[in-house]
Every structure is written in structure tokens, then in C-alpha cells.
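Analysis of the macromolecular model
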Amino acid sequence: MSLPSLFAAFSAHMHSAQFRDLARHADAGNAFVRRRKLPLPTLIAVMLTGMRKCIQTELDEFFAHLQQQAQLARHVSEQAFSKARSKLSATAIPSLNDWLIARADADGYVPRWHQLRLVAADASTLRFGWRDSHVPRAASADQIAFGLYLPGAEMMLAASLHSVQENERQMLFQHLDSLNSDDLLLMDRGYPCRWLVAALNARNIKFCMRVEKSGNAGFACVRDFLLSGQHDQIVTLAAPDRRDAADFECPAEPQRVRLVRHVASTGKVRVLMTNLFDSDAFPADVFGDLYHQRWRIEEAFKRLKHRLNLEHVSGLSQLAAMQDFAAKILCDNLQALLTQAASRKSPPSPTRKINRAAVHSILKPLLPSLLLCEVVAMLLHDALDLIARRTYSHQPGVMKTKQRKNRNGPKPHKSMANKPC
């Protein structure tokens, strides 16, 4: 399916009665039935433009772009937007993202590595710029964003907000239903544990995780492997604790895993654990580059925080935070689709890459028409040509690394009074 057809199908799905029933909040049984100034598809489209300014300015810009005029258009008020979004469920926009990922995968926008779909898992701390309020079910400023990311497609498969009391393994376990036997899960050193390995093996989910730790920490078999000097070895992990096995629905049995030694360009020795046992199909020397693909989710969170102002929200409740978070994830995925389509239409040179920051500026004025109108071919044609010309210098195979700074004290953030306008 072509990109214009995909956008047309996406718009049709947003206008469908099936999506309307799913998007309606449980406390608003008759919402989005009557024809109003801000119907459900328009409400969703407003949020998907990546709201970074004050609400009224974003609304006025949206309707000005929809009418293809430069002057701001006052069509609905900020109060009307807030009232309409209160009737929107927290699962509405994530369901749209699931639809988009499934369609993009079916249309070949998600590449494969040895016939497997790469999925990187990671979490990132957020501090929202909220002021003190007394709204019902007000959200806390400090939360954790967890995501499953598709490195090849540069799209977020699934994402959610969590309390700072939860750990990353629990967050990953809640998202295991998003994975299947054709996925290869990439994880860093925060995830290894016996019950997670057992849970992934029980679900037939392939994985590759970094497991070496300093001192006497970590698995004993990994420490023995480091001392042995071998490059590749199959070992047996001890069975997970019976309580963990019951809590996380995994077998309390020993698990066979494969350990691979990888020496980074800096000389640092890494140990990668996987359940890909076929050394002919997956030789040890491919796992270094494979694990490096996990870094794309780090770049994705950085892009979401800085380019889409992920920590800026347009409401004070937890529902508003979940809606804004999901909308910016989906907005970034739409930008990834256009970036990939532009690269296919006009492939850049090996030393150039498309500038994702420019993609947001190009796509934002067009999204109202792309999401709400049926005729999008000409708009997309011009946008793809413009995106293909906005590139920057890139040196393949050259990794620029620097020491991560240790942050002491609270995370700095802009207050709600200092948001962009």
C-alpha cells in the first residue's frame, strides 16, 4: 500500500464507529455521537500534531492550517477542548498506534534482521512541568516512561507511563503481549534476572541482553565465562525463585542460554546473553552490531523529549498526561513513516541522513489535512520532496561516545509558566 493510501485508511479508521466506541471514556456513555465543533476525529488530529505551545494557540494554528491560511483561526476555545478530551479514554490513541504499526508492518515499513523484527526495550525518567492543583486524580510530576521500540523502522511499538516505584522488569512484563515469536528483544544491563529469562523462553520470545556486571554481582555462570576466555558458550541458569515464578507466570525450571563475548571499540568487554543457539545462522561476531541497535531507543527518547517536548503537558490530570504522552508517541511514528518514505523516494547519499527535526516542522502544518481529508496524494508528494532535501552529514560506522554525566539532585525542567508560546 502506498503512503497516501495508508493515510487515507488511517483517517477512515479515525472516523469509524468502531474506533468511536473504543475511544469513548467509560464515564461518558454518549460522547462523540452528536455533531459538534470538535468531533472525535478533529480532537484526535489536534493532539497528534505534537502540542508544544499553549492550548489556545495550538487550536488556532490547527484550524488555520486546516483552512490553508496564514492567519490564526479561532474556531473552538480552550475550554471546549478540555471538556472534549475528558470524554476520551486513555486507550484511544494507543489503539491508533497499534493500528498504524500493524499496517506499516504489513506494508513493508518495518525491516527484518535475519527474518526477525528487532524490538528494543528501555525506560526513561520524566518530570512534567505541572503547577499545584486540586483537580480530581491529579498526576504526579515524576513518572517513568517505558517503551518498546523498532530500531529499523524508528517507530515506537508500545509505550506507557509508570510510577517511579515500579522497576523496568515489571514494566517489560506488562508489555510482553505486544511481542511474538518473530521478535528479537534487545535489553541492557538493567533487565537480566532468572524469572525474566524463563518468562521469555516460555513465550518463545527471542532475546539478546547485556549481562556482565562488576565485582561479584550478576550471574555466577557469567563470571565463570569471563574468566574462561571463551567467545561463545552455552550454559544453564539456575531455576527462578518459586515466588517469582508464580508472580510472573513462568516455569520454575533451569534455563539454557547462550553467552557471547563482545569487545567494544573502546576495548571494554561485554557479555551478551541470548536464546539464539544456532551458531551457523547467528555466529558470535554478529551480536556486537546487533546489541548496538538497542541504542536507537535512547535516541528516540531524547528526540521525544527535546523535539516534541514530551515533558510538556496540556492538562493537570493523569488522564491528560497519558493522552499527551500517547499522542506524541504516535506523532513521532507518523514522522518516521514520512522519513522512511522520503528516503525510499529520493535515497540520500551514504554520507547524508534526513534531518528528523526538519520533518516535524514540515509535517505539522500538513497533519490537519492529512488526518481529516481524503485527498492527500499531492500534499504528501510535495512534503516528501522537501523532507528528502533536508539532510545532514553522517559518517557510517563512526560512533561518537562520551561519558554520561552523573546527575545529582532533582531533574531540571521548565515550569508550566515557561512553556513555549
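My aim in this report is to walk through the structure given alongside it, one point at a time.

Reading the values: the criteria
- Residues numbered from 1 in each chain as written.
- Predicted model: local features only at pLDDT ≥ 70, side-chain atom pairs only at ≥ 80, totals over all residues.
- Heavy atoms only, no water.
- Phe/Tyr/Trp six-rings, centres within 6.5 Å; stacked < 30°, edge-to-face > 60°.
- Helix = DSSP H or I, 4+ residues; strand = E, 2+ residues; numbered from the N terminus.
- Buried < 20%, exposed > 50% of the residue type's maximum accessible area, 1.4 Å probe, protein only.
- Pairing = 2+ DSSP bridges.
- Axes fitted to C-alpha atoms, helices over the stretch in contact; angles between N-to-C directions.
- Contact = heavy atoms within 4.5 Å.

Attention shifts here to the packing of aromatic side chains. Taken as a whole and assessed by the stated rule, the structure comprises 6 aromatic pairs. With 6.1 Å between their ring centres and 80 degrees between their planes, Phe173 and Trp195 make a pair best called edge-to-face. Of the two residues, Phe173 is situated in helix H7 (residues 168–174) and Trp195 in helix H8 (residues 194–202); the sequence distance between them amounts to 22 residues. For Phe173, a relative accessible area of 17% puts it in the buried group. By relative accessible area, which is 7% here, Trp195 ends up buried. Pairing Trp195 with Phe248 gives two aromatic rings, centres 3.7 Å apart and planes at 5 degrees, and the pair type is stacked. Here Trp195 is found in helix H8, whereas its partner Phe248 is found in the loop between helix H10 (242–247) and strand E7 (255–263), with 53 residues between them in sequence.

Here the focus is the environment of His292. Note on placement: His292 falls in helix H11 (residues 287–292). Each C-alpha atom, one on His292 and one on Leu226, is 20 Å from the other, the two residues being 66 residues apart in sequence.

Pairing is mixed across the open sheet formed by 8 strands, whose spatial order is E3-E2-E1-E4-E5-E8-E7-E6. Two strands bound the open sheet, and with one partner strand each, they are strand E3 (155–162) and strand E6 (232–237). Direction aside, neighbouring strands of the sheet carry axes that sit 25 degrees apart on average. The sheet strands contacting helix H9 (residues 220–228) are E6, E7 and strand E8 (269–274), and the helix crosses E7 at an angle near 40 degrees. Its contacts with the sheet place helix H13 (residues 318–345) against strand E1 (117–127), strand E2 (142–150) and E3, and it is angled at close to 165 degrees to E3.

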